[in-house]
Amino acid sequence: MAFPVTGDLDGRTKVIKVPVVSFSIKFVDNNNQPIPRYEFKTIYRGRKSAVKRANRQGISTIQALAGQKLTVIDGQDRAQTTAIVSYGSKQWTMIIGTDITE
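Residues numbered from 1 in each chain as written. Predicted model: local features only at pLDDT ≥ 70, side-chain atom pairs only at ≥ 80, totals over all residues. Heavy atoms only, no water.

Residues other than glycine seldom take positive phi values, yet R37 does so here, at roughly 55°. Its location among the elements puts R37 in the loop between β1 (20–28) and β2 (39–44). The phi dihedral of R45 is positive, around 55°, even though this residue is not glycine. Within the element layout of this structure, R45 appears in the loop between β2 and β3 (47–48). (Helix = DSSP H or I, 4+ residues; strand = E, 2+ residues; numbered from the N terminus.)

Moving on to the confidence of the model for the protein chain. Taken over all residues, the pLDDT of the protein chain has a mean of 83, while the share at 70 or more is 88%. Here strand β9 (residues 100–101) is the element of the protein chain with the lowest mean pLDDT, 52, and strand β4 (residues 52–53) is the one with the highest, 94. (pLDDT = per-residue confidence, 0-100.)

Applying the stated criterion to the full structure yields three aromatic pairs. Pairing F27 with F40 gives two aromatic rings, centres 4.8 Å apart and planes at 40°, and the pair type is tilted. With F27 in strand β1 and F40 in strand β2, the pair connects residues that are 13 residues apart, well separated along the chain. Each member of the pair, F27 as well as F40, is classed as buried. (Phe/Tyr/Trp six-rings, centres within 6.5 Å; stacked < 30°, edge-to-face > 60°. Buried < 20%, exposed > 50% of the residue type's maximum accessible area, 1.4 Å probe, protein only.)

What follows covers the pairing of β2. As defined by bridge partners, β2 adjoins β4 across two bridges and the pair is classed as antiparallel. Note that in β4 the partner of E39 across the bridge is R53. Both β2 and strand β6 (residues 69–74) contribute to a ladder of five bridges, which runs antiparallel. Paired with F40 across the bridge in β6 is D74. Here β2 folds back onto β3 in antiparallel fashion, the turn holding two residues, of which R45 has a positive phi close to 55°. (Pairing = 2+ DSSP bridges.)

What follows is the structure in structure tokens.
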């Protein structure tokens, strides 16, 4: 998400509303089968979360600002992948061992 800037603000701050996106991450294995209660962490805006857990269907709901980078880390800190949250994201699928897809 890009914001064009025109003119000089003379040191003033301009508030820009960025939408909060609520979407789900689905954790699946190489056979596209859900991984129930998959444990993971996120790094969002420079902060690492506590361990989170997906539900029985391998799905967890996340909220983030559009345009922000979100890193998803395996619960044991073995692997990670990063993607940019886009406005209109509904579900990301994370195949364990590969990258995130929308």
